[in-house]
Every structure is written in C-alpha cells, then in structure tokens.
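Geometric and topological summary
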2 protein chains.
Amino acid sequence: MAFTKKPIKGMTDFLPADMALRNLVLDDIKRTYGSFGFSQIETPMMEHIENLTSKQGGDNEKLIFKVLKRGAALQRAWDAGELDGLVDNGLRYDLTVPLARFYANNKDALPSPFRALQIGPVWRADQPAKGRFRQFVQCDIDVLDDATNLAEIELITATSAALLRALGRAGIEQITIHVNDRRILVAAALQAGFAEEDVAGALITLDKLDKIGFEGVSAELLENGASEAAVQAYLGLFGEGGDTTSATAFCSVLNDADLAEVAANLDQIIDSATALTADGVQVAFDPTLVRGMGYYTGPIFEVTIDQLGISIAGGGRYDKMVGKFSGEDVCACGFSIGFERIIAVLRDAGVSAASDETVQGGVAILVDPKAAGEQRMEALQHAQQLRSEGRQVAVLPMRKNMKHQIASLEAGGFTEFEKLYSD
Amino acid sequence: MAFTKKPIKGMTDFLPADMALRNLVLDDIKRTYGSFGFSQIETPMMEHIENLTSKQGGDNEKLIFKVLKRGAALQRAWDAGELDGLVDNGLRYDLTVPLARFYANNKDALPSPFRALQIGPVWRADQPAKGRFRQFVQCDIDVLDDATNLAEIELITATSAALLRALGRAGIEQITIHVNDRRILVAAALQAGFAEEDVAGALITLDKLDKIGFEGVSAELLENGASEAAVQAYLGLFGEGGDTTSATAFCSVLNDADLAEVAANLDQIIDSATALTADGVQVAFDPTLVRGMGYYTGPIFEVTIDQLGISIAGGGRYDKMVGKFSGEDVCACGFSIGFERIIAVLRDAGVSAASDETVQGGVAILVDPKAAGEQRMEALQHAQQLRSEGRQVAVLPMRKNMKHQIASLEAGGFTEFEKLYSD
C-alpha cells in the first residue's frame, strides 16, 4: 500500500508555533482552574462501546470512531456475520461520559464534593469544516456530588476567569454568561400549551433562536404541528409579554409552585457570580438558552463573545448521568471550554506565543560543518553554559543557505543566532 | 447494553495524585528538552492504516487498534465481504511513524535541521502486565535532517539531563548510556562467519544477552543452525578475545575498511557526551547493544538504571524512514523515554507531587450548608482574595463526616482547611 503524507481528514498536524500558542492557552486554563481547586484527572481516550452508545451522548453517538476487536474475538465476531459484533471499543466523543464512568469507578478514593479538571482530545466523525475537526481538545471542569449552588457559582466564576485570561491575549475583555434552568424551559413550554411529549421538540426549535430569530422559530413550531395559540403564548413569554429581568420575575407568570425555588436558586447563582467576576463579565438570565445535551437536569450556562457573535463555552447540571453507571445517583455540574475556538479567535487576532512577553526566544548556535572537533566542543560547552542560565539553546550545523535556515528557525521561536565558522 | 465502570483492559484512570506526579515529570522533561531547543509538535493520534502497516513498526504492527470505516464506505466494505477492507485508520503504536509522516508533510515550513519534541499517548493491544499498558505515554525527541553527530551528541546530553532531573526525585543519580552502531553489529556478525541472510537472526539472539547470558546466546545461535566456529568467533569478539574499550579498538580486528570512520564517529559521540553530561552519567561503548527496531541505520543508544537493572530510554539513527513517506531520504535520529517506567520507579520509591517542595498545597473552605447567603458570599470572596495571592482554593459544602472529607481532600493535595459554621 502507498504511504500517505497528509493527516487523516479533519485532523491536524501542529507545528512548533501552533503548539507554542496551544500550550500558552492550556497553561492559562490549567492555572486558573488550579486556583479554584480543580484537580486534573485523565481517563483512557478509548471507552467501552456500550458506554459510548448509552443514549447519553445524543447525536454524538452517531459520530463515534469505532475500534475493531482483535485476535480470536474478532474472528468469532466475523464468523457470526454481524457488523456490530466486530466492535468492542470506541474513541470518546466527549469528556463527560468518561468522567461519569471514572467517578463511578473511583468514588471511594475521591473527596466529596470532587472538583475535576479534564483536558484532552475527543473524536467525532463529523463532516470537517472551518473550525470543526475530527480530533479536537476539550477542557472540562466538573463538580461531582455537590447539590449546593456553590458548584454553579464557582464553575461560572472559574470559567469566566480562565476565558478572560486566554481571550485577554487578543484584547477581548467582554464576555456574557447566559444562564437558564432546564426546569424553567420545560415549565414555560407547558404553560404555553405544549403537550408534555412535544416539549423536547419545542426546545430543539427554540435553540435555533439566535440563528433564525423569533419569526423562524414561530414558523418551525407551527410547521411541526403546534397551535397558533401555543406558539404565540410561548414566544410572548420571551418577548414583550414576559419579564426576563430575572428568573424570579420570569417564573412569576408561570403556574408552577415548585418553580419559585428553582428561580430563586438561579437568581442567587447569577447575583453571586456577578459579584465575584470581573467587570467585563456579564452574567445574565436568558430564558431562551436551551443547550442541546439531553442529560442536563437543572441550571445550564453558555458563554458568548458578543463582539464576535460566537459561543465559546457551555455547561450545566446533570444529576442523573453518573447513576447510569454506578446505579446510585450522584449530582454533578460541569462547564466545557471550546478550546479550538479560543485558538481560532486568538489566531484571527494575530496572537502568537512570540507576542507573549514572558516567552523568551531560543538561541541557535550554527556550527560550520568544517569546524574541527575542538571548536565544536567549545560550541557545545557554551550551549551548556547558556542552558544553565535558563536559555533555550540548539547547536546545529550551519547550512549553505543560512538566510533561509535562520528565517525558518525564527518561525519556530529562535531569536538569537551565534555563528561559529571554522578557523 | 450494560454500563461498564472499569476502564478498558490494560488502560488506566489517573486520579489527582497520579496526574500531579505525571505532570511534574512531564514538566521536568519538557523544560529540559526545551532548553536544548527542541520544539514541541503534535500529530493526530490516529493514522492512516497503510502508514501503520508499512513494515516500519516491526512486531508493533501486530498490536494495532484498528478503526472501522464509517457510513457508506463501511457499508460497501461490508458488502464486499473482506475484513481488512473494513478499516481505514488505526491508533498510533509509536511516535516515530507519525513523525516521519509529519516531516514529509510539513518539511517546507520547518527549519533544517529540525528538532522535534513529541509527548503523547500511543496504543498497543499487547497482553497487559505489570508496567505494560495498552495506552501509554511516550516522550520522544528527534533531530531531522542533521547528518552530523551534533545530533547524537545533543540527543544523549539532553536525554541524560531530562532523566537525571526526573529520576533525581527518587534519589537516582547514576545512569548508563549504552552506545553502539548498527553497522558495527553487522560487521561483527559477518566477520565471525555468519552469512549475510543470517545476520538479522543472530542480532535477535544477541539482543537477549542481558537476559540469557553468553551461554544462552551461544545455545540459541547453535540451535538456529550457526556453526560452532562462527558462534565461538562471534562471542569471542565481545569477551576475552575482543577489545571493547572503544569502538575504534573493537573495530580494529574487523576486516572492514569503512568501519574505521564509523568507529571514530561513535567514539567522538561517546567522548563528547561524556564531557558534556553530569558525573553520574556513564556513556559507554557497548558492542552487544542491539535495539529491536529494524529501521535503525547507524548509532543506537539505550539508557539503563544499573542499580535497578532496568532500561529506561532508547533510540538511534534512522536515515531511511522519512524517505519511505516523502520519496526523498531525510536523515533522522531520535531518543525515546519510557515515561511510564519513570513513573513506576518514582512511585516504587514513594515519590509523590506532595513531596515536591515547590508544590504548594491547596486551601479548602468548608461551608456549613445551613450558612446564610451573606456568610457564603463572604467565603466566596475570601477565596477570591486568596486566589489573587496565588493560592489554590476550593469553596465546598461541609460534610457531616468532615473527618473523612478532610482526609480525602488531603489525598488530593489540599493542606489547609478553613471551616465556616453557620451563625
């Protein structure tokens, strides 16, 4: 078979300048989350196929890279003639399903509540597009076994700080944290007159609001069989008919006694997070925020950079998923940063590791290939001396086309060049 | 299907204390290699199956986790009824094959020579055993397009420094770098009387010397059909009959005119590396060093911790592999650290991140769940203050069994505890 030079479709080779920027941003994120007491953990990048296809992952389950069985087990499955039987593992499509397995498996060794930081690649066999990759890095923080809203408040405060630190490199100092609660979403739809079995569909449509506007949402709801009255009542709640200044105000018109507590909780989260975050962070109740993942059970969040019109992080409370693994419910709440999007924003703004003042450039000592052994040794020892002083130094053979050599070294982060010609 | 709590066989969940130690050691390695001007790069963790099965990977090619095609392509392959046709990708089993593809793909954007650092997981469907995992991290440095022995000298100097830095955490300050050259190995076998087609087999047997001794090697060579005379002549070279004090001395008895230059080069590498490395590093010519991978073409190295009797890193020059991808030969030379072995050595020695004096423990503020909103807010603000002073702080609900809570937080790296009882 022929060799193939390009990486697999939708996957990327990262060159030194790419990695330098990625490492800077990862460091921003790790330091910030570390300061909030999140402990880094790691799970294997491959998971049991039955865990990945447990209906927790929504549409992502259709995008799994599946891994073939091996040896005799593969042969048996092949002989049995069933395609599904050939597979035992898959590459993870997010960090949440593996975290739920991890917690169920290691609960006794972990504090309660437990604050986890996960950074690592996930895989989705999606159609590649600008900014959409088949292997990409996710940065997730999760609080497990904390039923109090300290979890939400610290998640929002920590994620805001991490985002501002990273985005500040591009001069972006304004972000909005949209906050809602899944139970409010459901109550609003029921109140408007949607039947219980139609609520999930209505939410999928409402989720498109920022793309298709109120008119588009209205049209799609009607198309899907909702009554004029229900649609009008529903959209009225978010528009002129409703009060969206706070969760409590919004819920006061909904006939659901249990909702007052849900709303008060959400407003406390919003008020606390507002007080604890920097001036550029707006924490806002947004009754139209849906978040796609079906596993959310309470508060949900999404972060947007309004000046760019993009979403950059999201999360929420999912109190029922860990129980799917352990048989015992464990409440949980998480926030996931779209790492590749941040990198794209920084690159678009011309940010590189070289523009970071704390990053010192490397020294290249270029040695004439005709230099005698003693001269080379001097260069090598000089390099060791510079390294002991904290510099990054490479001793390299000098090329005939030294101008090109230096230019390409500069692209990789070298800023000083010493030339050793043969005596 | 049932959920499965345990990770996939041979793969590992890393808890906070595990990750803290891994990150410390990764940092040792990154800093050291950075100081030698190696630039971090990354390739996708999945590779084209044709690249992974190109006969460059030796026995590792039998251990590939293969990834199923998707969608219509999968259906077509299934209909065609051939098992091999179902697969288009695989998980990488090392970092060298992907590096060769990376370099062939990105050559024009990289300096010449190019010094690459790669750190990342690889997968092998091997039988799991103590210290042998199915997903494990490799740390590789490689110098591409450098035909001079500056490459070997700096690879050895850098790797020694990285290893001493990491192993020093366990008080290990003595390592041996065994150095040989593939061409000397071949010449010695030919000189002893092995036929050209039997040399590879003889090397496979010689490679077992440290496990089965001279007697075992002798027996296996005879069993494989070598003559008494050849075996005696061969083993004589390494024993009393030969001079192994330097490559030049060893090669002086071999009838191969080209070998003088090979030996002089190797001795220069050994002498230079000896001068440049710390006192605890012994750089030694070892004519019995083989290294398994068939792709090596020149000098080869292996690092042992003699007090533990284990090998911890290995590498060599492989001038023909990149050409397999690009059609154009590019000389290359690399060194790979057995990261998981280092971790095992440190753990066996009782080393943890908590024993590192530069790592400051975290602060847990435990808040009585009955505390009023104002009190909680004070705790949250106090946490922000401590964070601004560089501390790692988590605000957590206090558990009834606070003793257990504190013990498990301590296991995760928290050292200070503040308790906020409700007024």
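Look a little higher up for the structure.
Bear in mind the structure is a predicted one, so any value in this text is a computation, not a measurement.

Interfaces are often sized by the accessible area lost when the parts come together. At the interface, 89 residues of chain B touch 90 residues of chain A. In terms of residue class, the side of chain B that touches chain A is made up of 45 nonpolar, 29 polar and 15 charged.

The next point concerns the packing of helix H6 (residues 182-192) of chain B against helix H9 (residues 228-238) of chain B. Residue and element names in this part refer to chain B. At a minimum axis distance of 8 Å, the contact between H6 and H9 shows a crossing angle of 140°. Between H6 and H9, the angle falls in the class oblique. When the axes of H6 and H9 are compared, the crossing they make is right-handed. The residues of H9 that touch H6, namely those facing Ala188, Ala189 and Ala192, are Ala230, Ala233, Tyr234 and Leu237.

Bringing helix H8 (residues 209-223) of chain A into the picture now. Between the first and last C-alpha of H8(A) there are merely 16 Å, a value that for 15 residues lags more than 12% behind the 21 Å anticipated at 1.5 Å per step. A positive backbone phi angle near 100° is found at Gly225(A), which sits one or two residues after H8(A).

All names here are of chain B. Read from one edge to the other, the open sheet built from 3 strands follows the order S13-S12-S14, with strand pairing classed as parallel. The two strands at the open ends of the sheet, each matched to only one other strand, are strand S13 (393-397) and strand S14 (414-420). Direction aside, the axes of adjacent strands within the sheet are offset by 25° on average.

Once turned by 180° and shifted 0.0 Å along the axis, chain B lies on chain A with an RMSD of 0.1 Å. Such a turn and shift between the copies fits a two-fold axis. Closest approach to the rotation axis among the C-alpha atoms of chain B is made by Val67(B), whose C-alpha sits 2.3 Å away. A share of 100% of the interface residues of chain B reappears at the interface of chain A, consistent with the copies meeting face to face through the same patch.

Here the focus is the nonpolar core. Most often, soluble globular proteins have nonpolar side chains that are buried together. One finds Ile184(A), Ile342(A), Ile184(B) and Ile342(B) to be the most contacted residues of the largest nonpolar core, which totals 260 residues. When we break this core down by domain, the ones giving at least three residues each are domain 1 (16-348) and domain 2 (360-420) of chain B. Excluding its chain neighbours within four sequence positions, the residues that come into contact with Ile342(A) are Val25(A), Ala166(A), Leu167(A), Ile312(A) and Ile337(A).

Each value, and the rule that gives it
Residues numbered from 1 in each chain as written. Chains lettered and ligands numbered in written order. Predicted model: local features only at pLDDT ≥ 70, side-chain atom pairs only at ≥ 80, totals over all residues. Contact = placed C-beta atoms within 7 Å. Nonpolar A, V, L, I, M, F, W, Y, C, P; charged D, E, K, R; others polar. Axes fitted to C-alpha atoms, helices over the stretch in contact; angles between N-to-C directions. Helix = DSSP H or I, 4+ residues; strand = E, 2+ residues; numbered from the N terminus. Parallel < 35°, antiparallel > 145°, perpendicular 65-115°, else oblique. Left-handed = near helix turned anticlockwise from the far one by under 90°. Expected span 1.5 Å × (residues − 1). Pairing = 2+ DSSP bridges. Least-squares fit on C-alpha atoms with pLDDT ≥ 70 in both. Core = buried A, V, L, I, M, F, W, Y, C linked by C-beta atoms within 7 Å. Buried ≥ 20, exposed ≤ 12 C-beta atoms within 10 Å, placed from the backbone. Domains from an automatic or database assignment.

Everything listed is a geometric property; what it means functionally is a separate question.
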